[in-house]
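Summary of structural features
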Amino acid sequence: MSWHQELLVSFDLETTGTDVERDRIVTAALIRLEGDGRVARKQSWLIDPGIPIPEEAAGIHGISTDYVRAHGSPPAAATEEITEALAEALRAEIPLVVMNARYDLSLLDRECRRHGVRTLTERLGHAPAPVIDPLVLDKHVDRYRKGKRALQALCGHYGVRLDGAHEAGADAAAAAGVARRIGEKYPAVAIPSPRALHALQEEAAADQAASFQAYLRRSGDPAAIVEGAWPLIPYQVS
């Protein structure tokens, strides 16, 4: 049986922005989904990031600075809970679905370091795996398709329902749905071993980054750097 027919855990963050080195977690969700797509368990967190939430970010996920200051959990405690929940799933070899894993897992890693919490890599003894990233998979199986590849676009393309975009729980469930549809549609990635799929995505993500870097050079922006590491951007000590 292939991974897309079995138990999955899906993870998503909503944050203060898009910079993995500087931005913070505002909400997080972790959903355990049975092979038939039923939700077996859902965990969610609302966090006071300790910094103001920019209006642009609040306009996307609908969560204000005042709201998290009144209702959010302290970031260190929440980061500990989130990271241990992910580690528990990966220790059990349950595939972790993360849309654009390079962003979410790297930002979580930096939050751990910021708050003196053991990182996911430290807990596991290795980089997070097995991870399934619908963004990387979609680019791999349908490389030359034109159009956007954000989660909402992928849901439309693969016929996956998304109720409440930019709510972490809804996005996590939808990402798992997209991953399953890709597994159903493309035999090349419907392989039995999630570890083998993880390795395939590492190679695919590096190739995709190199292709985008080449595109930027041709477009006259040779100084831009496209990160090729996946699913985690290495931490650089400053």
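Residues numbered from 1 in each chain as written. Predicted model: local features only at pLDDT ≥ 70, side-chain atom pairs only at ≥ 80, totals over all residues. Heavy atoms only, no water.

What follows concerns the packing of aromatic side chains. In total, this model carries 1 aromatic pair according to the counting rule given. Considering the side-chain rings of Phe-212 and Tyr-215, the 5.9 Å spacing of their centres and the 15° angle between planes classify their relative orientation as stacked. Here Phe-212 and its partner Tyr-215 are both found in helix 9 (residues 194–218), 3 residues apart, which amounts to about one turn of the helix. Here Phe-212 falls in the partly exposed class, since its relative accessible area comes to 40%. In this structure Tyr-215 comes out as partly exposed when scored by relative accessible area, which is 43%. (Phe/Tyr/Trp six-rings, centres within 6.5 Å; stacked < 30°, edge-to-face > 60°. Helix = DSSP H or I, 4+ residues; strand = E, 2+ residues; numbered from the N terminus. Buried < 20%, exposed > 50% of the residue type's maximum accessible area, 1.4 Å probe, protein only.)

Mapping Ile-47 onto the fold places it in the loop between strand 3 (39–46) and helix 1 (55–61). Counting along the chain gives 24 residues from Ile-47 to His-71, while the straight-line C-alpha distance between them is 7.9 Å. Excluding residues within four positions of it along the chain, Ile-47 makes contact with Ile-25, Val-26, Val-68, Gly-72, Ser-73, Pro-74, Pro-75, Ala-78 and Ile-82. (Contact = heavy atoms within 4.5 Å.)

Before going further, it helps to spend a moment on empty space enclosed by the protein. Counted according to the given criterion, the structure contains 1 cavity of 30 Å³ or more. Put simply, the largest cavity is a space of about 40 Å³. Considering the residues around the largest cavity, the lining is formed by Leu-105, Leu-108, Asp-109, Leu-120, Thr-121, Pro-128 and Leu-232. Those elements that provide at least two residues to the lining of the largest cavity are helix 4 (101–115) and helix 5 (120–124). For the lining of the largest cavity, the element with the most residues is helix 4, which contributes 3 residues. When grouped by side-chain class, the residues that make up the lining of the largest cavity number 5 nonpolar, 1 polar and 1 charged. (1 Å grid on protein atoms, 1.4 Å probe; cavity = no way out; pocket = protein on both sides within 12 Å on 5 of 7 lines; lining within 4 Å. Points joined across faces, edges and corners; volume = space filled by probe spheres on them. Nonpolar A, V, L, I, M, F, W, Y, C, P; charged D, E, K, R; others polar.)

Further remarks concern the layout of surface pockets. If you add up the space inside the largest pocket, you get close to 1,300 Å³. If you trace the largest pocket, you find 43 residues lining it, with Met-99, Asn-100, Leu-135, Arg-149 and Ala-150 closest to the centre. Broken down by element, the residue count for the lining of the largest pocket peaks at 5 residues, all from helix 9. Its residues assigned to classes, the lining of the second largest pocket comprises 5 nonpolar, 2 polar and 5 charged.

Let's shift gears to helix 3 (residues 75–91). Taking 1.5 Å per residue as the helical rise, helix 3 with its 17 residues ought to reach 24 Å, and the 24 Å between its terminal C-alpha atoms agrees with that figure. Residues of helix 3 that are buried: Pro-75, Ala-78, Thr-79, Ile-82, Thr-83, Ala-85, Leu-86, Ala-87, Ala-89 and Leu-90. Looking at the packing, one finds that the buried side of helix 3 touches strand 1 (8–15), strand 2 (25–33), strand 3, strand 4 (96–98), helix 4 and helix 5. (Expected span 1.5 Å × (residues − 1).)

In this section: helix 6 (residues 134–141). For helix 6, the tally of buried residues reaches 6 of 8 residues, placing the bulk of the element in the interior. Within helix 6, the full set of buried residues consists of Pro-134, Leu-135, Val-136, Leu-137, Asp-138 and Val-141. Close packing links the buried residues of helix 6 with strand 4, strand 5 (131–132), helix 7 (151–158), helix 8 (168–185) and helix 9. Backbone nitrogen of Leu-135 and a side-chain oxygen of the N-cap are separated by 2.9 Å at the start of helix 6; the cap is Asp-133. (Polar contact = N/O pair within 3.5 Å; in protein donor to acceptor, adjacent residues only side chain to side chain.)

The next point concerns the side chain of Arg-24. Within the secondary structure, Arg-24 is located in the loop between strand 1 and strand 2. Within the buried core, Arg-24 has no salt-bridge partner, and the shortest N-O distance to an opposite charge, that of Glu-111, equals 4.5 Å. Polar side-chain contacts of Arg-24 include one of 3.3 Å to the backbone oxygen of Pro-49. Here Arg-24 is in contact with Thr-15, Thr-16, Pro-49, Ile-51, Leu-107, Glu-111 and Arg-114, once residues within four sequence places are set aside. (Lys, Arg positive; Asp, Glu negative; His and termini not counted. Salt bridge = Lys/Arg side-chain N within 4 Å of Asp/Glu carboxyl O.)

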